[in-house]
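Structure assessment
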Amino acid sequence: MAREYETASAIIDAAVRNQLGSLRFGAPTSGRAYATLGGELSAALAELSTALRLWSRAAAEIAVALQASAIRYGAAAERSADQVAAHG
């Protein structure tokens, strides 16, 4: 499960960096008649990029938490098995 979160984080981060990061909109690229719309689109893409980066970071943090939980669970299972073996 943690690997899936790590993968999702990497995919989202790469998409923001490689796809959204290279898009440029505004008055120079949208033309005089659409300068306002180009600025609005640029602002919306910046907001989307920020939200996706936060989502990517959250997915990475979830992956770390899941990995830590799995390690603790495994250690607890080993201790329990050792106790059962020691007492019969």
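In short, a report on the structure. Everything numeric here is computed off the predicted structure, so don't read it as measured data.

A few words now on the packing of helix α1 (residues 2–18) against helix α3 (residues 35–87). Close contact between α1 and α3 brings their axes to 8 Å; oriented N to C, the two are set at 160°. Relative to α3, the element α1 lies roughly antiparallel. α3 is crossed by α1, and the crossing has left-handed handedness. Listed contacts from α3 to Ala2, Tyr5, Glu6, Ser9, Ile12, Asp13 and Val16 of α1 are Ser49, Leu52, Arg53, Trp55, Ser56, Ala59, Ala60, Ile62, Ala63, Leu66 and Gln67.

Topologically, Leu23 is positioned in the loop between α1 and α2 (27–30). As a C-alpha pair, Leu23 and Ala46 span 23 residues in sequence and 9.8 Å in three-dimensional space.

On the surface, a nonpolar cluster with roughly 360 Å² of combined accessible area is contributed by Met1, Tyr5, Ile62 and Leu66. Structurally, Ile62 can be placed in helix α3. Classification of Ile62 as partly exposed rests on a relative accessible area of 36%.

Cut-offs and rules
Residues numbered from 1 in each chain as written. Predicted model: local features only at pLDDT ≥ 70, side-chain atom pairs only at ≥ 80, totals over all residues. Heavy atoms only, no water. Axes fitted to C-alpha atoms, helices over the stretch in contact; angles between N-to-C directions. Helix = DSSP H or I, 4+ residues; strand = E, 2+ residues; numbered from the N terminus. Parallel < 35°, antiparallel > 145°, perpendicular 65-115°, else oblique. Left-handed = near helix turned anticlockwise from the far one by under 90°. Contact = heavy atoms within 4.5 Å. Patch = residues over 30% accessible without salt bridge, like charges linked within 9 Å, V, L, I, M, F, W, Y side chains within 5 Å. Areas by Shrake-Rupley, 256 points an atom, 1.4 Å probe, with all protein chains shown as cover. Salt bridge = Lys/Arg side-chain N within 4 Å of Asp/Glu carboxyl O. Buried < 20%, exposed > 50% of the residue type's maximum accessible area, 1.4 Å probe, protein only.

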